[in-house]
Amino acid sequence: MSRFTVRSVCPFDCPDTCGMLVEVEDGRALRVSGDPDHPVTRGLLCPKMNHYERTVHSARRLTRPLLRSGAKGEGAFVSISWAEAIERICSRWRELIATHGAECILPYSYAGTMGLVQRNSGHAFFHYLGASRLERTICSPAKDAGWKQIMGDTPAMDPGGMRQSDLVILWGINAVATSIHAMRDAREAQRNGARLWAIDTYRTPTCEAADEAFIVRPGGDGALALGMLHCMVREGLADAAFIRDNVLGFDEFAAKVLPDCAPERMAPICGLPAETIRRLALEYARARAPFIRLGGGLTRYGNGAMTVRTIACLPAVSGAWQRPGGGVFTGTSTGPAFPLHKVTREDFIREPIRLVSMNQLGHALNELSAPPVMSLYCYHSNPASVAPDQNAVIRGLGRADLFTVVHERFLTDTARYADIVLPATSSLEQGDLYRCYGGYHSQRCGAVIPPVGEAKSNWEVFSLLAQGMGWEEPFFRQSADDLVEQLLALETPWRDEASTERLRKGEPVFLAPPRDPLRPWQTPSGRIEIRNEREPEPLPRLLPTHAEGDGFPLRLQPATTPFALNSSFYEQDELRLPQKGQTLMMNPADAEARHCAAGSEVVAYNHRGEVGFCLKVTERVPAGTVVTEGVWWREFIPGGGGVNCLTSQRLTDCGRGSTLYDVAVEVCGKADS
Ligand SMILES: Nc1nc2c(c(=O)[nH]1)N[C@H]1C(S)=C(S)[C@@H](COP(=O)(O)OP(=O)(O)OC[C@H]3O[C@@H](n4cnc5c(=O)[nH]c(N)nc54)[C@H](O)[C@@H]3O)O[C@H]1N2
Ligand SMILES: Nc1nc2c(c(=O)[nH]1)N[C@H]1C(S)=C(S)[C@@H](COP(=O)(O)OP(=O)(O)OC[C@H]3O[C@@H](n4cnc5c(=O)[nH]c(N)nc54)[C@H](O)[C@@H]3O)O[C@H]1N2
Ligand SMILES: [Mo]
């Protein structure tokens, strides 16, 4: 028997992009561990990936193409061959195109795998087909938009710089769950003498690890940042020399916006006492090199981009950027390091094609016309669970005249509504090239085990579909490895020949964004633009959330858990069972006011739907906010309604992002509902 260990890369949508070692025997992954030689992973994997082999070899894996044999949603299927599946899809699409035009076909994908080839391998196919385009904005485009409004294309600092800071602020990020290597850096900074703050809407495990935690009202961080800026200016703590040389529009901001942002005014909006806002301002401004790590949490709101923009003013005004370790880190963007257009092939688009927001799938399936959506092809995403307004999504997926194909590893909530289900490989069964959004590392890996059952990768399926459609285009005849080679072939200042060679060999490599010491701020003016005249709102200001106007008294925080990743990992019993189902955390005062007892069944509701939860009464959650962790599969929820029955299809102020966290509800005992 041959047993060997190979390198691989974690494919999941997480800022850390870990290097892994996989022990393989007889074509099976036996054990997975963090690569001790990977400069960021340094041997540490999260609880989800520690037993990735349980996901890869789960008894729940789909192993054959399936044809629906029962009602939509029921989950009854019969096995068919790949040849039959491809033939059925292609002939149905030909009919639909003849009747409605190709725009009636909508692809839906997101981030089941982050590999550059497998993640993006449907784009070329659907462009060539002429299908509707999907606007992939469910995660945090508001964060990028807010950063860009003030910092332009300035490359992010090295996140490891945090270790040199004397005040680390984890702001709207539950790093213990969502970026454990950033958490390790934060602890290292702490050991070097830094203070660690966490700013969140409830006491997360990250708050527990911090020296101090500040619990804000959901969407209230803009008010907090503006209140702090007001105090910094009032107390003479703005760094005049830094501002003079580096910042545009400070005087106007200080004269027109900040006078209205006194901490007493900001306090009820952000939920912290005025005195705390003032103390935060003074300690922040007096710190040598305060480092803010901004998460996605505070961006999924109607004011998300504006919130990021106001927070990004803090180091501009305090001058923190001047000192190693100081600044704000929202994430890296390493787009230019690899020529992704060679995979996505926008040049295949022949005429203007409509763009459909993935955040408004419910609307698209139920309301869109000219042409209506007649076919949905869903791959490496699970919109029936993760997309907002679940009731609308499920209603759409249930349409008898909608032809749905789902390419998946598991029979997810979405797959249950498919007419045809195609089995997908896991990352261990496919090669790819990975880059990272929480740092600058990148790594290539090959397949380490053969496909489980008849599973095929995203790229392989699109090659088959292209053949099935009778296309001659040679692009679709390449292998995924050919495409990886094309991504590596480009010469770019982001990596030299030696590092490209190391990537080819499967070693982790740091990409280096080109930096110009004479022009550190990559904005049109060459300065940090507190005033940005190209924006409809030239100055940052206070902006309310959407839920403020919804007329329900409690703010609902759908939060992340260390034991799942969005709707992934619920197949691992060992991770799922200890979580005891979909629960709602509530402050004792709110529970008492509603006569709801701990452990009882409650219903949370608003205009969009109602969802049953098991109630957990806890001081970890402030009065006025309720929290639920994870995105549960409907099969594990009594009654079937997930938290996204309560979330909205409304979009963020900029970036057209999801507002999944901008939710108001009321809660009552199940007996009263
Ligand atoms: N274990 C695990 N890891 C994950 C994921 C997962 O689901 N589970 N998801 C992955 C994905 S897709 C992403 S995008 C990242 C996201 O990872 P993060 O950037 O950490 O973002 P979130 O977990 O969405 O939110 C972070 C924290 O923000 C808090 N928060 C929410 N609203 C506000 C607010 O208005 N103000 C403040 N100050 N805090 C707020 C939430 O309570 C939460 O604790 O993590 C990735 N990694
Ligand atoms: N309530 C609530 N909703 C949320 C969030 C939240 O925190 N709370 N988070 C939001 C965020 S930040 C994001 S980014 C989105 C994420 O939304 P999605 O990207 O849809 O993420 P997942 O739920 O992880 O679903 C990914 C699916 O891809 C499948 N898959 C994995 N690898 C492959 C592959 O190689 N090929 C194919 N074909 N399939 C594969 C997995 O089995 C899994 O079912 O969800 C959003 N929705
Ligand atoms: Mo995300």
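Bear in mind that the values here come from a model prediction, so they are computed numbers and not experimental data.

**Describing the packing of aromatic side chains**
One pass over the full model with this rule turns up 32 aromatic pairs. An angle of 45 degrees between the planes, with centres 4.7 Å apart, marks the rings of Phe12 and Phe569 as tilted. In this pair, Phe12 sits in the loop between strand S1 (3–9) and strand S2 (19–25) while Phe569 sits in the loop between strand S22 (554–559) and helix H21 (573–576), placing the two residues 557 residues apart along the sequence. Judged by its relative accessible area of 5%, Phe12 falls in the buried class. Its relative accessible area of 1% is what places Phe569 among the buried residues. Note on Phe552 and Tyr605: the rings are 6.3 Å apart at their centroids and 90 degrees apart in plane angle, and the pair reads as edge-to-face. Of this pair, Phe552 sits in the loop between strand S21 (528–529) and S22 while Tyr605 is found in strand S24 (residues 601–606), placing the two residues 53 residues apart along the sequence.

**Section: the site of ligand 1**
Taken together, the neighbourhood of ligand 1 is formed by 33 residues, with Asp200, Asp221, Thr560, Ala564 and Tyr661 sitting nearest. For ligand 1, an oxygen atom lies 2.7 Å from a polar atom in the backbone of Gly219. Backbone polar atom of Gly297 to a nitrogen atom of ligand 1: 3.2 Å apart, as the coordinates give it. The fraction of the free accessible surface of ligand 1 (900 Å²) that becomes covered by protein chains is 96%. Counting only elements with at least two residues in the shell around ligand 1, the list comes to helix H5 (175–178) and strand S9 (195–200). When its residues are assigned to classes, the shell around ligand 1 shows 15 nonpolar, 13 polar and five charged.

**Brief notes about the sheet that holds strand S8 (residues 167–171)**
Strand order in the open sheet formed by five strands is S10-S9-S8-S12-S13, with parallel pairing between adjacent strands. Edge positions in the sheet fall to strand S10 (212–215) and strand S13 (327–329), since each has one partner strand and no second. On average, each strand axis in the sheet is tilted by 15 degrees relative to the strand beside it, whichever way the strands run. Here strand S12 (residues 290–294) pairs with S13 via three bridges, running parallel. Each residue of the ladder has a partner; that of Phe291, found in S13, is Gly327. Helix H13 (residues 304–318) contacts S8, S12 and S13 of the sheet and is inclined by roughly 165 degrees relative to S12.

**Section: the sheet that holds strand S5 (residues 77–79)**
Strand order in the open sheet made by the six strands is S5-S4-S17-S16-S15-S6, with mixed pairing throughout. Only two strands of the sheet have a single partner each, and these edge strands are S5 and strand S6 (105–109). Averaged over all adjacent pairs, the angle separating strand axes in this sheet is 20 degrees, with direction ignored. The sheet contact formed by S6 and strand S15 (residues 375–379) spans five bridges and is parallel. Following the sheet pairing, Pro107 is matched in S15 by Tyr377. Across the sheet, helix H2 (residues 82–100) touches strand S4 (66–68), S6, S15, strand S16 (403–408) and strand S17 (420–423), and the angle it forms with S17 is around 135 degrees.

**Notes on the pattern of salt bridges**
For the structure shown, the criterion picks out 44 salt bridges. Across the pair Asp419 and Lys72 runs a salt bridge, and its minimum N-O distance is 3.4 Å. Taken as a pair, Asp419 in the loop between S16 and S17 and Lys72 in the loop between S4 and S5 lie far apart in primary sequence, 347 residues in all. The buried category is assigned to Lys72, whose relative accessible area is 16%. Among the ionic pairs, Glu283 bridges to Arg195, the shortest N-O distance being 2.6 Å. In this pair, Glu283 sits in helix H12 (residues 274–286) while Arg195 sits in strand S9, placing the two residues 88 residues apart along the sequence. Salt bridges here are not isolated pairs; linked through shared partners, they connect Arg444, Asp481, Glu485, Glu501 and Arg504.

Criteria and thresholds
Residues numbered from 1 in each chain as written. Chains lettered and ligands numbered in written order. Predicted model: local features only at pLDDT ≥ 70, side-chain atom pairs only at ≥ 80, totals over all residues. Heavy atoms only, no water. Phe/Tyr/Trp six-rings, centres within 6.5 Å; stacked < 30°, edge-to-face > 60°. Helix = DSSP H or I, 4+ residues; strand = E, 2+ residues; numbered from the N terminus. Buried < 20%, exposed > 50% of the residue type's maximum accessible area, 1.4 Å probe, protein only. Near = heavy atom within 4 Å. Polar contact = N/O pair within 3.5 Å; in protein donor to acceptor, adjacent residues only side chain to side chain. Areas by Shrake-Rupley, 256 points an atom, 1.4 Å probe, with all protein chains shown as cover. Nonpolar A, V, L, I, M, F, W, Y, C, P; charged D, E, K, R; others polar. Pairing = 2+ DSSP bridges. Axes fitted to C-alpha atoms, helices over the stretch in contact; angles between N-to-C directions. Contact = heavy atoms within 4.5 Å. Salt bridge = Lys/Arg side-chain N within 4 Å of Asp/Glu carboxyl O.

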